[in-house]
Amino acid sequence: EASKPWRLNTEGTQISSISFACSTHPRGKPSTSSMVKPTFTLPVARQVASVAGVEGDQSLVNRAAENATRNAIDNARFHAADLFLDQSTAPWSATRYDKLLLDPPRSGAAQVLEYLPRKGTDRIVYVSCHPGSLARDAGILVSKHGFRLREAGVMDMFPHTAHVESIALFER
């Protein structure tokens, strides 16, 4: 649908960098299960045993599933859910994810961090369009969930605008 805005520059390294960070184990072992935004699910799916994409907009979930089918990717599952409501009892949430990719709106992921990450999650890639919410959520990940910030940087995912995305890698 031409009227739907796309949220990223698909030309190369940004997606590759995020995909690699989500798919590799801190010690170089392949990830067994990752939970990511549908935008990143297909690149990650080619590098992991299984991946789940969770998004609030059902039409985006449908499009992601169609793209997976079109690209012969059968290890990706997609779920529509309002992540700002407690999803800890949702069937998809019962899966143990060793990696998470969070790409929240400007307000950040504080509500999501109340029930994610779970025990067994050893890596989180956090993509943010607002440095203030990333800083707040980094504090939650470090102080409440025992993660450490391993790397952080800025990516120009919108090259013709003044906006940049921050990306942070947390491990425990």
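Predicted model, so just to flag it, every value in this text is computed and none were measured. (Residues numbered from 1 in each chain as written. Predicted model: local features only at pLDDT ≥ 70, side-chain atom pairs only at ≥ 80, totals over all residues. Heavy atoms only, no water.)

Participant: I keep staring at the overall build of the chain and nothing clicks. Help me out?
Facilitator: A count of helical and extended segments in the chain gives four helices and seven strands. The secondary structure elements of the chain, listed N-terminal to C-terminal, are α-β-α-β-α-β-β-β-α-β-β. Buried residues in the chain amount to 48% of all 172 residues. Accessible area of the chain: about 8900 Å², with a carbon and sulfur share of 55%. (Helix = DSSP H or I, 4+ residues; strand = E, 2+ residues; numbered from the N terminus. Buried < 20%, exposed > 50% of the residue type's maximum accessible area, 1.4 Å probe, protein only. Areas by Shrake-Rupley, 256 points an atom, 1.4 Å probe, with all protein chains shown as cover.)

Participant: I would appreciate a short explanation of helix H4 (residues 131-143) in the present structure.
Facilitator: Given 3.6 residues per helical turn, the α-helix brings residues three or four places apart onto the same face. In this model H4 runs 18 Å from its N-terminal to its C-terminal C-alpha over 13 residues, within 8% of the 18 Å that 1.5 Å per residue would give. All of the buried residues in H4 are Ser133, Leu134, Asp137, Ala138 and Leu141. The buried residues of H4 occupy one face: seen down the axis, they fall within an arc of 140°. Looking at H4, the residues exposed on the side facing more than 90 degrees away from the buried face are Ala135 and Ser143. (Expected span 1.5 Å × (residues − 1). Arc of directions from axis to C-beta.)

These figures come from the coordinates and say nothing about function on their own.
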